[in-house]
Amino acid sequence: MKSGWVDSEAQAAIDRYGRDGISRDLALRVYTTRLLGRDPKLVLHGGGNTSLKTNMPDLLGEEVAVLCVKGSGSDMAAIEPAGLPAVRLDRLRKLRARAGLSDEDLLRIQRASLLEPTAPNPSVEILLHAFLPHKFIDHTHANAILSIVDQPDGEAICAGLYDGRVSLVPYVMPGFGLAKTAADIYEAKPEVEGLILNKHGIFTFGASARESYERMIALVTLAEERLQRNRKAVFVTAQLPQAQGREDRRRVAADDPRVPHQPRDPQLRQRRRACALRPGRRGHARPHHPHQELAARHCRTRTRPHG
């Protein structure tokens, strides 16, 4: 897997959205979200989300800290700034002190904390983005990561493969419990570049959109390379013995048991060919090529009874 970042395209996104008053950080957040969303190996069945922590004016014009996170139902490959609704960050972070929180209560708090009341519902994984301190966070359900971590010894494989670059989070249903667990594991080792969630996917983070995105590409690439090294061949192509001339190749193919549908008996092959060319026979189409018609006539002439 290779990075899709192109400097000229990134600048074009900054210029395009800047004309509408969109900040540089949000423009690049949209750009890298699209880069992730256009690769089906990363966003299995459309899954995944991204976020940005920044400051924005609320409806009263007061500057507040917000979390812009992908809205539910938004297509990452074609997302626009409106697909990353802004939620008051301080309210979300206060929730970490709670012992528990239902999905219904979380939804109500999210809706009440949106800067734009008509914005779409934020991702169900909003608290995981909020509880981590990084400015940019990317989350995907990368095929290669799932293929590694879903093995019986997946944790040991990850430990050897990433050598401390990521921490592994045990499986927890998405929501409040997963967000708290992931934040606790991150804080125990804050130098990591990402978190791998067992049977779920991977989070990467950084101080810039490019850093978070390219960490995702680098960590997924390691998983792909590890899978490629251990891949075993399932189908093996049979190699026929070398033959010099045309007749030799025909003889080899006819006598080699690895070549299907080639009768070894020359007379049987000749009878099959004659039957295939004979018109009107059930199960065989009438010849439609001039050479086939000529051969069929010759076959009928030779097999017609004398007298």
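Located above this text is the structure these notes cover.
What counts, and where the lines are drawn
- Residues numbered from 1 in each chain as written.
- Predicted model: local features only at pLDDT ≥ 70, side-chain atom pairs only at ≥ 80, totals over all residues.
- Heavy atoms only, no water.
- Buried < 20%, exposed > 50% of the residue type's maximum accessible area, 1.4 Å probe, protein only.
- Helix = DSSP H or I, 4+ residues; strand = E, 2+ residues; numbered from the N terminus.
- Pairing = 2+ DSSP bridges.
- 1 Å grid on protein atoms, 1.4 Å probe; cavity = no way out; pocket = protein on both sides within 12 Å on 5 of 7 lines; lining within 4 Å.
- Points joined across faces, edges and corners; volume = space filled by probe spheres on them.
- Nonpolar A, V, L, I, M, F, W, Y, C, P; charged D, E, K, R; others polar.
- Core = buried A, V, L, I, M, F, W, Y, C linked by side-chain atoms within 4.5 Å.
- Contact = heavy atoms within 4.5 Å.
- Expected span 1.5 Å × (residues − 1).
- Arc of directions from axis to C-beta.

> Looking at this structure, how should I read the pairing of strand β2 (residues 63-69)?
Looking along a regular strand, one sees the side chains alternate between the two faces of the sheet. Counting buried positions along β2 gives 5 out of 7 residues, so the element sits mostly inside the fold. Examined bridge by bridge, strand β1 (residues 48-57) and β2 share 7 bridges and lie antiparallel to one another. Looking at the pairing, Ser 51 lines up with Val 69 of β2. Pairing of β2 with strand β3 (residues 86-88) involves 3 bridges; the strand directions are antiparallel. For Val 66, the partnering residue across the bridge sits in β3 and is Arg 88.

> Would you explain unusual backbone geometry in this entry?
Leave glycine aside and you will find that most residues have negative phi; peptide bonds, for their part, are mostly trans. Positive phi values are uncommon outside glycine, yet Asp 163 reaches one of about 50 degrees. Its location among the elements puts Asp 163 in the loop between α7 (154-162) and β5 (166-169). Residue class for Asp 163 comes out exposed when judged on its relative accessible area of 68%. If you check the backbone angles, Lys 199 has positive phi at about 60 degrees while not being a glycine. Checked against the element boundaries, Lys 199 lands in the loop between β6 (194-197) and β7 (201-206). Using a relative accessible area of 51% as the deciding quantity, one classes Lys 199 as exposed.

> I would appreciate a short explanation of the layout of surface pockets in the present structure.
Remark: the empty space left among the atoms is shown by a probe the size of a water molecule rolled over them. Of the volumes computed, that of the largest pocket is approximately 400 Å³. Considering the residues around the largest pocket, the lining is formed by 19 residues, among which Ile 22, Leu 26, Met 56, Leu 84 and Ala 86 are closest to the centre. Of the residues forming the lining of the largest pocket, the biggest block, 4 residues, is contributed by β1. Its residues assigned to classes, the lining of the largest pocket shows 13 nonpolar, 4 polar and 2 charged.

> For this particular structure, what's the right way to read the nonpolar core?
In a soluble, globular protein the nonpolar side chains are often hidden away together inside. One finds Ile 145, Tyr 162, Ile 196 and Val 220 to be the most contacted residues of the largest nonpolar core, which totals 43 residues. Of all elements in the fold, only α1 (7-18), α2 (24-37), β2, α6 (143-149), α7 and α9 (209-229) reach the threshold of two or more residues within this core. Here Ile 145 is in contact with Tyr 162, Ile 196, Gly 201, Ile 202, Leu 219, Val 220 and Ala 223, once residues within four sequence places are set aside. One finds Leu 101, Ala 119, Val 169 and Phe 203 within the second-largest nonpolar core, a separate group that totals 29 residues.

> Would you explain α9 in this entry?
A turn of α-helix holds 3.6 residues, and therefore any two residues three or four places apart point the same way. Here α9 contains 21 residues, and its C-alpha end-to-end distance of 31 Å stays within 8% of the 30 Å for a straight helix at 1.5 Å per residue. The set of residues buried in α9 consists of Ala 209, Ser 212, Tyr 213, Met 216, Ile 217, Leu 219, Val 220, Thr 221, Ala 223 and Arg 226. On its buried side, α9 packs onto α2, β4 (136-140), α6, α7, β5 and β7.

> Can you help me understand helix α8 (residues 176-188) in this one?
For α8, built from 13 residues, the straight-helix expectation of 18 Å at 1.5 Å per residue is met to within 8% by its first-to-last C-alpha distance of 19 Å. All of the buried residues in α8 are Phe 176, Leu 178, Ala 179, Ala 182, Ala 183 and Tyr 186. When α8 is viewed along its axis, its buried side chains cluster within an angular range of 160 degrees and face the same direction.

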